[in-house]
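What follows is the residue order along each chain.
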Amino acid sequence: QKEVEQDPGPLSVPEGAIVSLNCTYSNSAFQYFMWYRQYSRKGPELLMYTYSSGNKEDGRFTAQVDKSSKYISLFIRDSQPSDSATYLCAMKSNSGYALNFGKGTSLLVTP
Amino acid sequence: GAVVSQHPSRVICKSGTSVKIECRSLDFQATTMFWYRQFPKQSLMLMATSNEGSKATYEQGVEKDKFLINHASLTLSTLTVTSAHPEDSSFYICSARDHRETNGYTFGSGTRLTVV
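Everything quoted here is computed from the prediction, not taken from an experiment. (Residues numbered from 1 in each chain as written. Chains lettered and ligands numbered in written order. Predicted model: local features only at pLDDT ≥ 70, side-chain atom pairs only at ≥ 80, totals over all residues. Heavy atoms only, no water.)

Some words on the side chain of A:Lys92
Alright, step 1. Considering the arrangement of structural elements, one finds A:Lys92 in strand β9 (residues 85-93).
Alright, step 2. Within the buried set, A:Lys92 has no salt-bridge partner at all; the shortest N-O distance to an opposite charge, 13 Å, is to A:Glu3.
Alright, step 3. For A:Lys92, the residues in contact, after removing those within four places along its chain, are A:Ala29, A:Phe30, A:Gln31, A:Tyr32, A:Tyr97, A:Ala98, A:Leu99, A:Asn100 and B:Tyr105. (Helix = DSSP H or I, 4+ residues; strand = E, 2+ residues; numbered from the N terminus. Buried < 20%, exposed > 50% of the residue type's maximum accessible area, 1.4 Å probe, protein only. Lys, Arg positive; Asp, Glu negative; His and termini not counted. Salt bridge = Lys/Arg side-chain N within 4 Å of Asp/Glu carboxyl O. Contact = heavy atoms within 4.5 Å.)

Remarks on the interface of chain A and chain B
Alright, step 1. On the side of chain B, 19 residues touch chain A, which itself brings 18 residues to the contact.
Alright, step 2. Of the roughly 1600 Å² buried at the junction of chain A and chain B (both faces included), carbon and sulfur atoms supply 58%.
Alright, step 3. Linking chain A with chain B are 0 salt bridges.
Alright, step 4. Where chain A touches chain B, the interface holds 3 residue pairs in polar contact (both at pLDDT 80 or more).
Alright, step 5. Counting only elements with at least two residues in the side of chain A that touches chain B, the list comes to β4 (30-38), β5 (45-51) and β9 of chain A.
Alright, step 6. No other element matches β4(A), which puts 4 residues into the side of chain A that touches chain B.
Alright, step 7. Partitioned by chemical class, the residues of the side of chain A that touches chain B number 11 nonpolar, 3 polar and 4 charged. (Buried area = accessible area lost by both parts, 1.4 Å probe. Polar contact = N/O pair within 3.5 Å; in protein donor to acceptor, adjacent residues only side chain to side chain. Nonpolar A, V, L, I, M, F, W, Y, C, P; charged D, E, K, R; others polar.)

Let's talk about the nonpolar core
Alright, step 1. Counting residues in hydrophobic clusters, the biggest one holds 25 residues, and the most contacted among them are B:Trp35, B:Tyr58, B:Phe67, B:Ile69, B:Leu79, B:Tyr92 and B:Leu113.
Alright, step 2. Only β2 (10-13), β3 (19-25), β4 (30-38), β5 (44-51), β7 (67-73), β8 (76-81), β9 (90-98) and β11 (111-115) of chain B provide two or more residues apiece to this core.
Alright, step 3. With near-sequence residues (within four places) excluded, B:Leu79 lies in contact with B:Val19, B:Lys20, B:Ile21, B:Trp35, B:Phe67, B:Leu68, B:Ile69 and B:Tyr92.
Alright, step 4. A:Val13, A:Tyr25, A:Tyr87 and A:Cys89 belong to the second-largest nonpolar core, a separate cluster that totals 24 residues. (Core = buried A, V, L, I, M, F, W, Y, C linked by side-chain atoms within 4.5 Å.)

Some words on the sheet that holds strand β7 (residues 61-66) of chain A
Strands belonging to one sheet form pairs held by backbone hydrogen bonds; the direction of such a pair is parallel or antiparallel.
All names here are of chain A.
Alright, step 1. Spatially, 5 strands are ordered β1-β3-β8-β7-β6 in an open sheet, and the strand pairing comes out antiparallel. If you trace the sheet from one side to the other, it starts and ends with β1 (4-5) and β6 (54-58), each paired once.
Alright, step 2. Pairing of strand β3 (residues 19-25) with strand β8 (residues 71-76) involves 6 bridges; the strand directions are antiparallel. Within β8, the residue paired with Thr24 across the bridge is Tyr71. (Pairing = 2+ DSSP bridges.)

Description of the pairing of β3(B)
Regular strands place side chains that alternate from one sheet face to the opposite one.
All names here are of chain B.
Alright, step 1. Across the two faces of β3 the burial differs, with Val19, Ile21, Cys23 and Ser25 buried and Lys20, Glu22 and Arg24 not buried at all.
Alright, step 2. When β3 meets β8, the two strands line up antiparallel, connected through 6 bridges. By the bridge assignment for β8, Arg24 is matched with Leu76.

Points about the pattern of salt bridges
All names here are of chain B.
Alright, step 1. Counted by the stated rule, this structure contains 5 salt bridges over all chains.
Alright, step 2. In this structure, Asp88 and Lys66 form a salt bridge, with 2.9 Å as the shortest nitrogen-oxygen distance. On the criterion of sequence distance, the pair formed by Asp88 in the loop between β8 and β9 and Lys66 in the loop between β6 (57-58) and β7 is long-range, its members being 22 residues apart.

Side note on the packing of aromatic side chains
Alright, step 1. Inspection of the entire model under this criterion finds 11 aromatic pairs over all chains.
Alright, step 2. Judged by centre distance (5.9 Å) and plane angle (55 degrees), the rings of A:Tyr25 and A:Phe30 are tilted.
Alright, step 3. By relative accessible area, which is 6% here, A:Tyr25 ends up buried.
Alright, step 4. Aromatic rings pair up to connect A:Tyr36, A:Phe101, B:Tyr36 and B:Phe107 into one cluster. (Phe/Tyr/Trp six-rings, centres within 6.5 Å; stacked < 30°, edge-to-face > 60°.)

Read these as spatial facts, not as claims about activity.
Below you can see the structure in the form of structure tokens.
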């Protein structure tokens, strides 16, 4: 079993919809949780970062972490065609430097 | 914000030749840099972690002699794919850690390597 599981999709939604992206993980030592957005043939860019459990909101994006369930989510409100990309979850423990990535979910927002 | 420059963005080389990819942190010092490999529709697979002035730590299954990593300064790490073969064709991405920030991981824009 991989440490981080993420449904690769693809996920297709109409413009304006609320998008829900999720990851599960198995390593209870993970404390830092990130969401990255990656456009085709580009490097990932950080969208959201959360430490331990809880919610964090930034504009149209909300990140949630439920450590008891080992489950993290990213919500995108009022989705736009420009949100079409691959979204990768990543996480790390206190002791390590390296990030553990999910496979990424491919999102397509149609006009 | 922190910027990481990765070059080249795309390279085509012949089998048996070597290719060097550079990763530079432009406005911060990166004591630790990471090299990833990404296949189409797959996640980033960590290849190695490099610390400035010391040998890189390679992940299991990654050939040290094939993927040479040098981190000679606080702003530059290089990955050299030696004696490249078509199966080495992939998307290579570097990441630099800005020690000033808790979550200071900045990624380069990636290098598309095609070995013919």
